[in-house]
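So the chains spell out like this:
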Amino acid sequence: MPTGRVDIAWTVDPKMQRLCLHWTEKHGPPVKTPERRSFGTRLIETLGKQLKGDVQLTYEPSGFVYVFQCAAASLTSTASE
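In short, a report on the structure.

Conventions and cut-offs
- Residues numbered from 1 in each chain as written.
- Predicted model: local features only at pLDDT ≥ 70, side-chain atom pairs only at ≥ 80, totals over all residues.
- Heavy atoms only, no water.
- Pairing = 2+ DSSP bridges.
- Helix = DSSP H or I, 4+ residues; strand = E, 2+ residues; numbered from the N terminus.
- Axes fitted to C-alpha atoms, helices over the stretch in contact; angles between N-to-C directions.
- Patch = residues over 30% accessible without salt bridge, like charges linked within 9 Å, V, L, I, M, F, W, Y side chains within 5 Å.
- Areas by Shrake-Rupley, 256 points an atom, 1.4 Å probe, with all protein chains shown as cover.
- Salt bridge = Lys/Arg side-chain N within 4 Å of Asp/Glu carboxyl O.
- Buried < 20%, exposed > 50% of the residue type's maximum accessible area, 1.4 Å probe, protein only.
- Phe/Tyr/Trp six-rings, centres within 6.5 Å; stacked < 30°, edge-to-face > 60°.

**Looking at the sheet that holds strand β2 (residues 18-26)**
Okay, so step 1: In spatial order, the strands read β1-β2-β4-β3; together these four strands make up an open sheet with antiparallel pairing. Looking along the sheet, the strands with just one partner apiece sit at the ends: β1 (5-13) and β3 (54-60). When strand polarity is set aside, the average angle formed by the axes of neighbouring strands in this sheet is 10°.
Okay, so step 2: By the bridge criterion, nine bridges tie β1 to β2 in an arrangement that is antiparallel.

**Brief notes about a nonpolar patch on the surface**
Okay, so step 1: Residues Val6, Ile8, Trp10, Val12 and Trp23 make up a contiguous nonpolar surface patch of about 500 Å² in total accessible area.
Okay, so step 2: Here the nonpolar patch gets four residues from one element, more than from any other, and that element is β1.
Okay, so step 3: Within the element layout of this structure, Ile8 appears in strand β1.
Okay, so step 4: Look at Ile8 and you get partly exposed, because its relative accessible area is 47%.

**Description of the packing of aromatic side chains**
Okay, so step 1: In the structure shown here, the tally under the stated rule is one aromatic pair.
Okay, so step 2: Arranged with centres 5.2 Å apart and planes meeting at 50°, the rings of Tyr59 and Phe64 form a pair that is tilted.
Okay, so step 3: The class of Tyr59 is partly exposed, set by a relative accessible area of 22%.
Okay, so step 4: Owing to a relative accessible area of 13%, Phe64 belongs among the buried residues under this scheme.

Right under this line is the structure:
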């Protein structure tokens, strides 16, 4: 029976108008920093750049951690864009 899990949490700093998203994997197989960047890694890094945000990838032994921060305004668009 699989015991791994993913915790996803986000906050919005009302004063700075910034979103912070935390993706944390736990209780799965041991994790180590990959020797090369995979398609998935490149995808989440590119998404962060497209939204003009900051991306942090951490390969903790207990699980992968992804932290993304961006201006809340980056997440909205209008039909004319």
